[in-house]
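Topology and contacts: notes
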Amino acid sequence: MITVRFHGRGGQGAFTAAKLLGEAVAMYGGKQALAFPSFGPERRGAPVLAFVKIDDTKIYDRSEVHTCDYVVVLDETLFNPAFFNDLSPHGRVILNTGNKELYAAYNSSQLFTVDASRIALEILGRPITNTAMLAALSGISDIVSVEALILALENYMNGAILEKNKQIIPAVIAALLT
Amino acid sequence: MKRNAFISGNDAVAEGVRLSRPHVIAAYPITPQTVAVERLSEMVEDGSLQSEFLHVESEHSALSACIGASAVGARTFTATSSQGLLYMAECLHYASGGRFPIVMMNANRSLALPWSIYGDHRDSLSQLDSGWIQVYVEDAQESLDMVIQSFALAENLDVLTPVMLNLDGFTLTHTYELVELPLQEEVDAFLPPFETPYKMDLDNPKNLAFSSQPSDNTEFKYQQHHAILHAKQVIRNIDSRFAQTFGRSYGGLVDAYRCEDAELIVISLGSTTGTCRVVADELRKEGWRVGVLKIRFMRPFPEEEIVKITRHARAIGVIDRDISFGFEGTVFTNVNSALSRGNTHIPTHNFIAGLGGRDISKESIRELFSTLKKISKTNDTEQNIVEFLNLNVATND
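Residues numbered from 1 in each chain as written. Chains lettered and ligands numbered in written order. Predicted model: local features only at pLDDT ≥ 70, side-chain atom pairs only at ≥ 80, totals over all residues. Heavy atoms only, no water.

**Here we look at the overall build of chain B**
What counts, and what does not: A run of H or I in DSSP becomes a helix once it reaches four residues, and a run of E becomes a strand once it reaches two; helices and strands are each numbered from the N terminus. The globule rule used for comparison is 2.2 Å times the number of residues to the exponent 0.38, while the radius of gyration itself is calculated over C-alpha atoms. Burial here depends on accessible area, computed with a 1.4 Å probe over protein chains only, as a share of the maximum for the residue type. Under 20% is buried, over 50% is exposed, and the range in between is partly exposed. Two residues form a contact once any of their heavy atoms are found within 4.5 Å. Surface accessibility follows the Shrake-Rupley procedure with a 1.4 Å probe radius. Residue values consider only the protein chains on display as shielding. Charge counting follows a simple rule: Lys and Arg are positive, Asp and Glu are negative, and His as well as the terminal groups are ignored. To locate a charge, the coordinates of NZ of Lys, CZ of Arg, CG of Asp or CD of Glu are taken.
Helix and strand content of chain B: 13 helices and 15 strands. Against the 2.2 N^0.38 benchmark of 21 Å for 397 residues, chain B shows a C-alpha radius of gyration of 21 Å, consistent with a compact globule. Its C-alpha atoms give chain B principal-axis dimensions of roughly 70 × 55 × 45 Å. Counting across all 397 residues of chain B, residues that qualify as buried make up 58%. When contacts within chain B are restricted to residue pairs at least 6 apart in sequence, long-range pairs at least 24 apart make up 81% of them. Per element, the accessible surface of chain B, about 16400 Å² overall, is 50% carbon and sulfur. Side chains of chain B give 35 positive and 51 negative charges; the mean places of these two sets differ by 6 Å.

**Quick look at the nonpolar core**
In globular proteins that are soluble, nonpolar side chains generally tend to be buried together. Stated formally: What is meant by a nonpolar core is a set of buried Ala, Val, Leu, Ile, Met, Phe, Trp, Tyr and Cys residues, joined one to another through side-chain atoms within 4.5 Å.
By size, the foremost hydrophobic cluster in this structure holds 51 residues, and its most contacted members are Leu40, Phe77, Met105, Ile133, Leu153, Phe190 and Phe297 of chain B. Here this core gets nine residues from one element, more than from any other, and that element is helix H7 (residues 140-154) of chain B. Excluding residues that lie within four positions of it along the chain, Ile133 of chain B makes contacts with Leu153, Val159, Thr161, Pro162, Val163, Met164, Ile228, Ala231, Phe297, Arg299 and Pro300 of chain B. By size, the runner-up hydrophobic cluster in this structure holds 43 residues, among which are Leu74, Ala116 and Met157 of chain A together with Phe6 of chain B.

**Some words on the sheet that holds strand E9 (residues 254-257) of chain B**
Residues and elements named next belong to chain B. Quick note on the threshold: When DSSP finds at least two bridges between two strands, those strands are taken to pair. To obtain an axis, a line is fitted to C-alpha atoms, over the contacting stretch when the element is a helix, and the angle between two such axes runs from 0 to 180 degrees between their N-to-C directions.
Pairing within the open sheet is mixed, and its six strands lie in the order E9-E11-E10-E13-E14-E15. Every interior strand has two partners, whereas the edge strands, E9 and strand E15 (386-388), have only one. Taken pair by pair, the neighbouring strands of this sheet meet at an average axis angle of 20°, ignoring direction. Pairing geometry for strand E10 (residues 264-268) and strand E11 (residues 290-295), over five bridges, is parallel.

**Let's talk about the environment of Ala12 of chain B**
Residues and elements named next belong to chain B. Looking at the element boundaries, Ala12 is found in helix H1 (residues 9-20). Taking the C-alpha atoms as reference, Ala12 lies 9.9 Å from Arg39; in sequence the two are 27 residues apart. Residues within four places of Ala12 in sequence aside, it is in contact with Ile7, Ala140, Ser143 and Leu144.

**Regarding the pattern of salt bridges**
Residue and element names in this part refer to chain B. Heads up, the condition is: Between Lys or Arg on one side and Asp or Glu on the other, a salt bridge is scored when a side-chain nitrogen of the former is within 4 Å of a carboxyl oxygen of the latter.
One pass over the full model with this rule turns up 31 salt bridges over all chains. Across the pair Lys294 and Glu138 runs a salt bridge, and its minimum N-O distance is 2.9 Å. Highlighted residues: Lys294 in strand E11 and Glu138 in the loop between strand E6 (133-136) and H7, separated in sequence by 156 residues. Taking the relative accessible area as the measure of exposure, Glu138 reaches 6% and is therefore buried. In this structure, the salt-bridge partner of Arg248 is Glu180, at a minimum N-O distance of 3.3 Å. With Arg248 in the loop between helix H9 (217-246) and E9 and Glu180 in strand E8 (residues 176-181), the pair connects residues that are 68 residues apart, well separated along the chain. For Arg248, a relative accessible area of 14% gives the class buried.

**What to know about the confidence of the model for chain A**
What counts here: Per residue, pLDDT measures the predictor's confidence, with a range of 0 to 100.
Scored by pLDDT, chain A comes out at a mean of 94, with 100% of its residues at no less than 70. Mean pLDDT per element in chain A: helix H5 (residues 159-177) of chain A is the minimum at 94, and strand E4 (residues 68-73) of chain A is the maximum at 98.

**Notes on the interface of chain A and chain B**
As a reminder, the rule being used: By convention, the term buried area covers the 1.4 Å-probe accessible surface removed from two parts as they join, with the contributions of both added. Any pair of N or O atoms that falls within 3.5 Å is considered a polar contact. Within protein, one atom must be able to donate a hydrogen and the other to accept it, and sequence-neighbouring residues count only if both atoms are side-chain atoms.
The interface of chain A with chain B comprises 21 residues on the first partner and 24 residues on the second. Among the residues of chain A in contact with chain B, Phe39, Tyr60 and Arg62 of chain A are the three that bury the most area, contributing 34% of the side total. Applying the counting criterion to the chain A and chain B interface returns seven residue pairs in polar contact (both at pLDDT 80 or more). Contributing elements (two or more residues each) for the side of chain A that touches chain B: helix H1 (14-28) and strand E2 (32-37) of chain A. The greatest single-element share of the side of chain A that touches chain B, amounting to six residues, is contributed by H1 of chain A. Taken together, the two bridges between E2 of chain A and E8 of chain B define a ladder with antiparallel strand orientation. Pairing of Ala35 of chain A across the sheet is with Tyr176 of chain B, part of E8 of chain B.

**Considerations on the packing of aromatic side chains**
Residues and elements named next belong to chain A. As a reminder, the rule being used: Pairing of aromatic side chains here covers Phe, Tyr and the six-membered ring of Trp, requires ring centres within 6.5 Å, and sorts the geometry by plane angle: under 30 degrees stacked, over 60 edge-to-face, intermediate tilted. Two conditions define a charge located above a ring, namely a distance within 6 Å from the ring centre to NZ of Lys or CZ of Arg, and an angle within 35 degrees of the ring normal.
Per the stated rule, a full pass over the model turns up 13 aromatic pairs over all chains. Between Phe36 and Phe51, the aromatic rings sit 5.4 Å apart at their centres with planes inclined by 20°, giving stacked as the arrangement. Linking Phe36 in strand E2 with Phe51 in strand E3 (residues 47-55), this pair joins segments that are 15 residues apart in sequence. Given a relative accessible area of 8%, Phe36 falls into the buried group. For Phe51, a relative accessible area of 9% gives the class buried. Ring pairs connect the aromatic residues Phe79, Phe83, Phe84, Tyr103 and Tyr106, which therefore count as one cluster. The lysine or arginine in question, Arg5, covers the ring of Phe83, its NZ or CZ lying 5.4 Å from the ring centre. The lysine or arginine in question, Lys58, covers the ring of Tyr60, its NZ or CZ lying 5.4 Å from the ring centre.

**A closer look at the domain arrangement of chain B**
Residue and element names in this part refer to chain B. Just so we agree on the cut-off: The split into domains, and so the bounds of each, comes from an automatic or database assignment of domains.
What the domain assignment reports for chain B is domain 1 (9-186 + 217-246) and domain 2 (254-388). On a C-alpha basis, the centres of domain 1 and domain 2 stand 27 Å from each other. Across the contact, 28 residues belong to domain 1 and 30 residues belong to domain 2. Roughly 2300 Å² is buried in total at the junction of domain 1 and domain 2, and carbon and sulfur atoms are behind 56% of that figure. Counting every contact that joins domain 1 to domain 2 gives seven salt bridges. Between Glu142 and Arg296 there is a salt bridge; the shortest N-O distance is 2.9 Å.

Rendered as structure tokens:
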């Protein structure tokens, strides 16, 4: 089973990212998935967690996630070096930052950075980074394809917003290569 | 064409209700049920559900409105949770005693004080004697499917009893997963419009919701009891009929997993069962003979199934997400009563777990099976048989 944990602030779309990932792999990737928020009250601006469990077969285990294969951090201010303790042996943290030099001390095989806020601001005009961070996840792993991600996006949005979100994906993939 | 959707337990209930075409929905929003009620309100607003949606000022009014609507023969639905269910308590008995076939979703949530929005089973189990049929589900698909089945069960003229459909708060209500949406025409064939001679009708006036005297009250209660006992066979029939139409069977009153040759069996309700299944699979690979018995219906209680399925076990553990203070978990009491009536003498142990949203981990279920193994070997029933799992405070022992 693959487990992914998203960190964001209420209103930044961390749970939307989890739902999009679950929908992409379950509806268009032939997998089974559970997507759920950290349970409890939702408050705008407060730190929130969202989780996705992905497997080839039906997922029965409804207990909490402790060890993660991917920790995706939408908001840089929430980054905590303790996240590395939660990773599975080959797990990775994906961090949204425009200052990757600040994180040079960390193991580069465990930490990937992407300036998702800049890309989102350029294309969407707003720092909503869920699509960008999912594109980064797709770019560095094989858990979700770009095609499945786009099909999931099409269920959540339409018109100009959809087109702009689709543009974010290649922009992020290109940024990962630089 | 059948289609899939990636939706939450709350969404799945709303989809099940839409497919069941109720005439009247009356509900008051409460965490963690809110999304189900919001979806239904949206469906009525956008016309995809032709129903009268009553935005009421309380849960007491919600169920009272459902009783009124049901009295004229309307198919009715409501949803609640926790304190909201308690606020309905007076009306729960009016609904069951009046034999109004209302279907209600209850998002299982702890009870105050201490105030908590997180899940356990203390809300619904505290209302076990309210005369409602109680079913507990394990995932979003079962949630949707059981809305449809619950209407078929409640409206069966030999049952005519309201049904409470219990989903674990957050664990099921707020988790998104793949759900197959049944076709409307298939649901229409499975669940035809509700027809009843027992309703307010100007052409055939009847007295409903009346008073009784000591000379006849017992007979009403006897009939109510008998109807719920009769529901056992109706539940099994509905499950078979549902499997024929939709290809999914849930086993009727219980769902036994790897129990055939199991020495150690854990009994649970709701979503905890899934984690138990995973641990049972792991332990089986290590050579343990373990099984999991999910009780789906707490009323009517599946005593025959429990006795039959556990008869070769060496120890039985019951997980209760509740505690009847001063005694033991309510599921445990019921299981022990069934075993005693079945004249079996298997040691049983009660695990109080998952109160107020506490996680029930795979590790703690492993420990639970280890405890059962110890009990099965020593046959030691002297020890404390009501054990709180993962207790963080020092105890007096």
